[in-house]
Amino acid sequence: MDFSTLTKLTATVLCSFSVSAYASVSLTEVPQGLTVQGRIIQPNGLPLEDSHVSFNIKVLSPGPEACVLFEENRTVNMSNSKGIINFTLGAGENGATVVNTGPLLAIHQILKNSAAINGLSSCAAGYTAYVPQPGDARKVRVTFTVGSDTITLSPDFQMRSVPFALESENAVALNGKKAADFIQKSANVTQEKADTLFLPANFDGLLALLNPAANAPSVGSIGIPNSDGSAAPPARDGLMRYDENTQTVQVSVGGQWQPIVTGNTAVGSSNIEDGSIGTADLAPNAVTAAQITNNAVTTDKIADEAITSDKLMNMSITNSKIADGAITFNKIANGAISTSKIVDSAITSAKILDGSIVTADMADAAITSAKIADGTIVTSDVADAAITSAKIEDGTIVTSDIADAAINSAKIVDGSIATADMANSAVTTAKIADGNVTDAKINSVSGSKVTGNIPGNAAGFYGSLSGDVTGGQASTVVQALQGRSVANVGPGAGQVLKWNGSQWTPQADNNSGGTITGVWPSTGLTGGGGSGSVSLGLTNTGVAAGWYGGSTAVPSFYVDSQGRITSVSNVAVAAGAACGGTPHGRVYFSGGTCSSVGIYQCFNGSTLSLGTVSVPSSCDGDGDGF
């Protein structure tokens, strides 16, 4: 039977949920499955009863996305079935295989219209998800295969609710109320916590907190009950009240009322956030040496620029008041420390952070020879260009004041070292960085000073050349190639240089003007080449030479896009017993009368009726109708 011509194929498919009628079972006990029932009738009116029929059943979303929400394959022996099919999708029946559609949801989950279904692997172009809308139905598509023929029932079947299924949603309701009508259990909301909250003692305290006395705070605030005069609080800790006598808010702790807020509490050092007191918070001269414990003021206690000149009493900060490294560059306002603020010898090398004193921090002539201990200022203590002529008194810096190697390149102003400052032969090769001597620095170089190869122009070349190239620098001539002479003849248009047996000379090119440079095989051909004798042949397709087909077999072959047969095989055909030995596919006449005769064909061992033909109205006497 050729199913590609099944224009008269009929089938009835009924879709419904198979739900148990027991009212007392839980949801997990309700059988899940979508029942698909129907009957397949062939065009000749006979039911399909093949022994091997493959079914594919899909549940599809109803919109343009056409996503496959559930898919199942099964193979069925329909012998003696009278064409009837009866499947339960999603029930895990024997022989059924569920196809991975992406999320692999259970059959009842794909029928919900409450949430989007994402990650679907089979949808119309541009879609990967299905967002159900209220009232959405689903479609069922049934496809079956017999032999090499595949038929899809068309159109798709619309899935509708059966009468009692419309009321089935009440199976998950309590007195008509849905899950969303109740407080949902969570990590913070549990039955145990609810029971504890509504214990008599706890609930009374909650009511007292939410329903204060008549003199409670204004509307919109959570009231705290006034004191009832009782000295002993309830046994429950954590209850609060307002005590009119002490005018404090109290909390029950260990059977005692404890004030939450108390007055007249001293503010200690631990109550002050570091850096929170700025210059504007201090009255002038409010902090004296007597108020400061030795080494109590460290760098992190002083806000940047908080200490200015008018905040310091003359001579009030001595060495013992300053922690090592406490005064950094950003703690001193420019010009704030003058000579009168510094005790003689109070600032030593240990008190100065390397590089923290720049020119702007020193008053002109503030540092004299008496202020500098011999050898205490090293290179790292002096910011680049911090010491100018105005900062150094004439004659105050002697050799003993300069540490070895304290004066480096960064301390010397460009151009300040003259020839007289350098000893003879002081500049050696090691003192000159590579590339620092440029053309402008060189007066002249004699030939004896040049060694090795010199890249670039041979501007100073003198003498003559010999060999293939002869002549001087201004009259060089190429008279040979590889020792073979070149004719002194001017070339003509289109000529090339050729060897005539004795010399190179301009001659005409021998190109004949052809344009084909090679012949190469395309699909199905072999051979070819770019020179010499070229031939083409057919490639071997892999099909063995010989005869195919016969009385018990028919050939099956594949033809490629070049028209070649690239694959051939024999398909066996057998005469079935039901055909009385007639070979498969043969058409024959049988059952003739004086007016008509039947036409039949043997197909897969079964007799197929093709119709009847009319014969002459009179018989010829032998009873065969002809």
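The structure we're discussing is the one just above.
Below or above, wherever it landed, is the structure these notes cover. (Residues numbered from 1 in each chain as written. Predicted model: local features only at pLDDT ≥ 70, side-chain atom pairs only at ≥ 80, totals over all residues. Heavy atoms only, no water.)

**Side note on the nonpolar core**
We apply this condition: Residues belong to one nonpolar core when they are buried, are Ala, Val, Leu, Ile, Met, Phe, Trp, Tyr or Cys, and are joined through side-chain atoms within 4.5 Å. Burial classes: relative accessible area under 20% of the type maximum marks a residue as buried, over 50% as exposed, and values in between as partly exposed (1.4 Å probe, protein chains only). Helix and strand definitions here come from DSSP, where helices need a minimum of 4 consecutive H or I residues and strands a minimum of 2 consecutive E residues; each element is numbered from the N-terminal end.
The biggest cluster of nonpolar side chains holds 29 residues, and the ones touching the most others in it are Phe55, Val59 and Phe144. If you list the elements that add at least two residues to this core, you get strand S3 (34-41), strand S4 (53-60), strand S5 (68-76), strand S6 (84-89), strand S8 (138-146) and strand S10 (157-159).

**With respect to the pattern of salt bridges**
Any two side chains of opposite charge can pair if their charged atoms end up close together. What counts, and what does not: Every case where a carboxyl oxygen of Asp or Glu lies within 4 Å of a side-chain nitrogen of Lys or Arg is listed as a salt bridge.
The full count for this structure, using the stated rule, is five salt bridges. Two residues, Arg141 and Asp156, come together in a salt bridge whose shortest N-O distance is 2.7 Å. Taken as a pair, Arg141 in strand S8 and Asp156 in the loop between strand S9 (149-152) and S10 lie far apart in primary sequence, 15 residues in all. Residue classification places Asp156 among the buried positions, given a relative accessible area of 19%. One network of salt bridges, in which partners are shared, links Glu72, Arg74 and Glu93.

**Some points on the sheet that holds strand S27 (residues 606-614)**
This is how it is decided: Strand pairing requires that DSSP identify at least two bridges connecting the strands. Helix axes are fitted to C-alpha atoms over the stretch in contact, other axes to C-alpha atoms as well, and angles between N-to-C directions run from 0 to 180 degrees.
Spatially, three strands are ordered S25-S26-S27 in an open sheet, and the strand pairing comes out antiparallel. The strands lining the two open edges of the sheet, one partner per strand, are strand S25 (587-590) and S27. When strand polarity is set aside, the average angle formed by the axes of neighbouring strands in this sheet is 30°. Inspection of the sheet shows S25 paired to strand S26 (residues 596-603) by four bridges, in the antiparallel sense. The residue bridging Tyr588 from the neighbouring strand is Tyr600, located in S26.

**Brief notes about the environment of Lys321**
Keep this limit in mind: By the convention used here, residues are in contact when the closest approach between their heavy atoms is within 4.5 Å.
Here Lys321 lies in the loop between strand S13 (256-259) and strand S14 (464-465). Sequence-wise, Lys321 and Ile292 are 29 residues apart; in three dimensions their C-alpha atoms are separated by 8.0 Å. Ignoring anything within four residues of it in the chain, the contact list for Lys321 reads Ala289, Ile292, Asn294, Asn295 and Ser316.

**Focus on the side chain of Asp560**
Worth spelling out the cut-off: The definition of a polar contact used here is a pair of N or O atoms within 3.5 Å, where within protein one atom must be able to donate a hydrogen and the other to accept one, and adjacent residues in sequence count solely through side-chain atom pairs.
In this structure, Asp560 sits in the loop between strand S23 (553-559) and strand S24 (565-572). Separated by 2.8 Å, the side chains of Asp560 and Arg564 make a polar contact.

**Regarding the pairing of strand S11 (residues 240-243)**
Side chains of S11 alternate between two faces, with Arg241 and Asp243 buried and Met240 and Tyr242 left unburied. Sheet analysis places S11 next to strand S12 (residues 248-253), joined by four bridges and oriented antiparallel. Bridging across to S12, Met240 finds its partner in Val251. Turn length for the S11-S12 hairpin, with the two strands adjacent in sequence and antiparallel, is four residues, and the turn residue Gln247 shows positive phi of about 55°.

**Looking at a nonpolar patch on the surface**
Stated precisely, the cut-off is as follows: Like-charged residues are merged into a patch within 9 Å and nonpolar side chains (Val, Leu, Ile, Met, Phe, Trp, Tyr) within 5 Å, provided each residue has over 30% relative accessible area and no salt bridge. The Shrake-Rupley method, run with a 1.4 Å probe, gives the accessible areas here. Residue values count only the displayed protein chains as cover.
A contiguous nonpolar surface patch, about 980 Å² in accessible area, is contributed by Ile397, Ile402, Ile407, Ile412, Ile417, Met422, Val427, Ile432, Val437, Ile442, Val445 and Val450. If you trace the backbone, Ile407 turns up in the loop between S13 and S14.

**Examining the state of the cysteines**
Heads up, the rule is: Throughout, disulfides are identified as pairs of cysteine sulfur atoms within 2.5 Å of each other.
Counted according to the given criterion, the structure contains one disulfide. Each disulfide pairs two cysteine sulfurs, and for Cys67 the partner residue is Cys123, the sulfurs being separated by 2.1 Å. On the sign convention where negative is left-handed, the bridge of Cys67 and Cys123, at about 115° about the S-S bond, is right-handed. On the criterion of sequence distance, the pair formed by Cys67 in the loop between S4 and S5 and Cys123 in the loop between strand S7 (96-98) and S8 is long-range, its members being 56 residues apart. What makes Cys67 buried here is its relative accessible area of 0%.

**Description of the sheet that holds strand S15 (residues 469-472)**
As summarised here, the arrangement of the three strands in space is S14-S15-S16, forming an open sheet in which the pairing is antiparallel. Whereas interior strands pair on both sides, the edge strands pair on one side only; in this sheet they are S14 and strand S16 (477-478). For S14 and S15, the ladder comprises two bridges, and the chain directions are antiparallel. Opposite Leu465, over in S15, you have Gly471 as the bridge partner.

**Side note on the pairing of S24**
By the bridge criterion, seven bridges tie S23 to S24 in an arrangement that is antiparallel. Bridge pairing in S24 links Ala553 to Ala572. Between the end of S23 and the start of S24, which pair antiparallel, lie five residues, with Gly563 showing a positive phi angle near 80°.

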